[in-house]
Amino acid sequence: MRIAYLCPSINPVKGGIERVTYILRNYFIAKGHTVYCIALRQEENKNEEDLIFLPDNCADYTPGNVTFLNEFLIKNNVDILIAQLGGPSSGSELAASAPKSVKKIACLHLDILDSVRHFGANKYMLLKKMHVGFLAQLFENNI
């Protein structure tokens, strides 16, 4: 089977998602599967083995990245695309744009209470997205 990971990186000392991806990648390789890892961003630390980088480093979901991902998956006859992402992001949109012939698995590694714990920091961004950022000041008042 041919598996492709869409992930931040596969450096096992970098963080949880990266460590999990690294362990799973090695497990599938040991079982005889072909595994590709496609990183969302190219970073200064390039010692990550067998990592393929998206061409548009500035953002995940761009026409160039969509084209690159789709051509890569088709050219390499990838059966499964596993999106190892930290939460909802444009990387999720990129994974969803993969050809229909490729099975997609989305792994979200996050704390479901994270938005509740950080509501104060996130409320302005949420209101700004809805074009009502000026309402954020109302939440600061003890009315």
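For the structure itself, look to the data block above.
Counting restarts for each chain: residues are numbered from 1 in the order of the written sequence. Only residues with pLDDT of at least 70 are given local features in this predicted model, and only at 80 or more are side-chain atom pairs given and counted; all residues enter the totals for whole chains, interfaces and linings. Hydrogens are left out, water is left out, and the side-chain values use all remaining heavy atoms of the structure.

Enquirer: Please explain the environment of Tyr124 as it appears in this structure.
Expert: Helix and strand definitions follow DSSP, with helices as H or I runs of at least four residues and strands as E runs of at least two, each counted in order from the N terminus. Relative to the assigned elements, Tyr124 resides in helix H5 (residues 119–129). The partly exposed category is assigned to Tyr124, whose relative accessible area is 41%. Separated by ten residues in sequence, Tyr124 and Phe134 have C-alpha atoms that sit 8.5 Å apart. Classification of residues uses two cut-offs on accessible area relative to the type maximum, computed with a 1.4 Å probe and protein chains only: under 20% is buried, over 50% is exposed, and between them is partly exposed.

Enquirer: Explain the sheet that holds strand E2 (residues 34–39) here, please?
Expert: Strand-to-strand pairing in sheets goes through backbone hydrogen bonds, with the strands running parallel or antiparallel. Spatial strand order, E3-E2-E1-E4-E5: five strands in an open sheet with parallel pairing. The open sheet has two free edges, formed respectively by strand E3 (51–53) and strand E5 (103–108), since each of these has just one partner strand. Shown here is a sheet whose adjacent strand axes are inclined to one another by a mean of 25°, direction ignored. Pairing between strands is defined by DSSP: at least two bridges between them are needed. The pairing of strand E1 (residues 2–7) with E2 spans six bridges and is classified as parallel. Of the residues in E2, the one forming a bridge with Cys7 is Ala39. The contact criterion used throughout is that any non-hydrogen atoms of two residues lie within 4.5 Å. Axes here mean lines fitted to C-alpha atoms, for a helix over just the part in contact, with angles spanning 0 to 180 degrees between N-to-C directions. Helix H1 (residues 16–30) rests against E1, E2 and strand E4 (80–85) of the sheet, and its axis sits at about 170° to E1.

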